[in-house]
Amino acid sequence: MRVVSLLPAATEIVCAIGAEDRLVAVSHECDWPPGLDRLPRVTSTPIARDGSSREVDAAVRGARAEGRPVFGLDVGLLRELRPDVLFSQALCEVCAVADGAARQLAEVLDPAPCVVTLDGRDLAGVWRDVRAVGEILGLDPAAQALVRRLRTRLVLLEAATPPLAARPRIVVVEWLEPVFLAGHWVPELVRAAGGSDVGATPGAHSREVSWGEVAALEPDYLVVAACGFDVDRTRRELDLLTDPAALALLSRVPVWLLDGNAYTSRPGPRLVDAAERLRGMLLDHELPGMVRWVPSSANLPA
């Protein structure tokens, strides 16, 4: 079976259940697990991803307003690859190739591949997506075993957390300019880690807010897990902030940076790694991909 993945989460799931050798191509954003460099990339984007969060946001909004695609597909290469299965998603039009575009593409390929859409918005949905990948690839037992292992890790993690009344108030920011609070599965990860997400509810879409609204939530911790950004890039973004409300909040609340690209942006196996890192934060332990941010003098209010 020849598989093409148009989103990083699907690629990670395929590899986690032992089907990496079936991948014949992936998206330009697929970077985990190591070893994917050998595979051709069938997607691209005109958005300059090395710009600031404000610049990226403006470019995406401009493209959508003008009816231009945020992602491109290499139809010629896909025709050559002749995939049997095409994995797409229905969660976010600006994070990966969306389901509608994938199905339109499938209609012009001969033979037409089976399009499998991943659409989990909370952890239960993510586990369903893992099982769906296993089912279509004939690896049901491996997918079921993976879900059991991931759920067990979360259960063990939550068993060691404090009672609800003692849980610290946590706000998770997934974009800095403009500010978006992380939704979907993130509140469940916070709960498993021992915190209470006061900015979102499980399964809800991420939402745009002001820094004043973030401050009004009175968080005990602020986690910045910028979508598609690693820790170093997130740190650079924070150093560029000039909003007085943002600077005031960042100067008085502990701020931790989490590699959003690796751990929270992708609804796949590494979500559990994110919960474990959030638990490390509450124990004041830095872990790979999660570090405490110390503001510089430029980030302190005058």
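Relevant structure appears above.
Residues numbered from 1 in each chain as written. Predicted model: local features only at pLDDT ≥ 70, side-chain atom pairs only at ≥ 80, totals over all residues. Heavy atoms only, no water.

S.K.: Can you walk me through the pairing of strand 11 (residues 221–224) in this structure?
M.R.: Within a regular strand, side chains alternate between the sheet's two faces. Taking every second residue as pointing to the same face, both faces of strand 11 are buried, with Tyr221 and Val223 on one and Leu222 and Val224 on the other. Across four bridges, strand 7 (residues 169–175) lies against strand 11 in parallel orientation. Opposite isoleucine 170, over in strand 11, you have tyrosine 221 as the bridge partner. In terms of strand pairing, strand 11 meets strand 12 (residues 255–258) through three bridges, oriented parallel. Bridged to valine 224 within strand 12 is leucine 257. (Buried < 20%, exposed > 50% of the residue type's maximum accessible area, 1.4 Å probe, protein only. Helix = DSSP H or I, 4+ residues; strand = E, 2+ residues; numbered from the N terminus. Pairing = 2+ DSSP bridges.)

S.K.: Just to check I follow, could you spell out the pattern of salt bridges for this structure?
M.R.: Pairs can form between side chains of opposite charge once their charged atoms are near each other. A full pass over the atoms with the stated rule returns nine salt bridges. For aspartate 31, the salt bridge goes to arginine 266, with nearest N and O atoms at 2.8 Å. Here arginine 266 lies in the loop between helix 11 (260–263) and helix 12 (271–282) and aspartate 31 lies in the loop between strand 2 (23–25) and strand 3 (43–44), a separation of 235 residues in the sequence. For arginine 235, the salt bridge identified is with aspartate 232, shortest N-O distance 3.0 Å. (Salt bridge = Lys/Arg side-chain N within 4 Å of Asp/Glu carboxyl O.)

S.K.: When you look at the nonpolar core in this model, what are you seeing that I'm missing?
M.R.: Across soluble globular proteins, nonpolar side chains show a tendency to be buried alongside one another. Counting residues in each nonpolar core, the largest one holds 55 residues, and the members touching the most others are Phe87, Leu137 and Met281. For this core, the element with the highest residue contribution is helix 12, accounting for seven residues. Here leucine 137 is in contact with Met1, Val3, Val14, Ile17, Ala19, Arg22 and Phe87, once residues within four sequence places are set aside. Counting 24 residues, the second largest nonpolar core, distinct from the first, contains Val224, Leu250, Leu257 and Trp293. (Core = buried A, V, L, I, M, F, W, Y, C linked by side-chain atoms within 4.5 Å. Contact = heavy atoms within 4.5 Å.)

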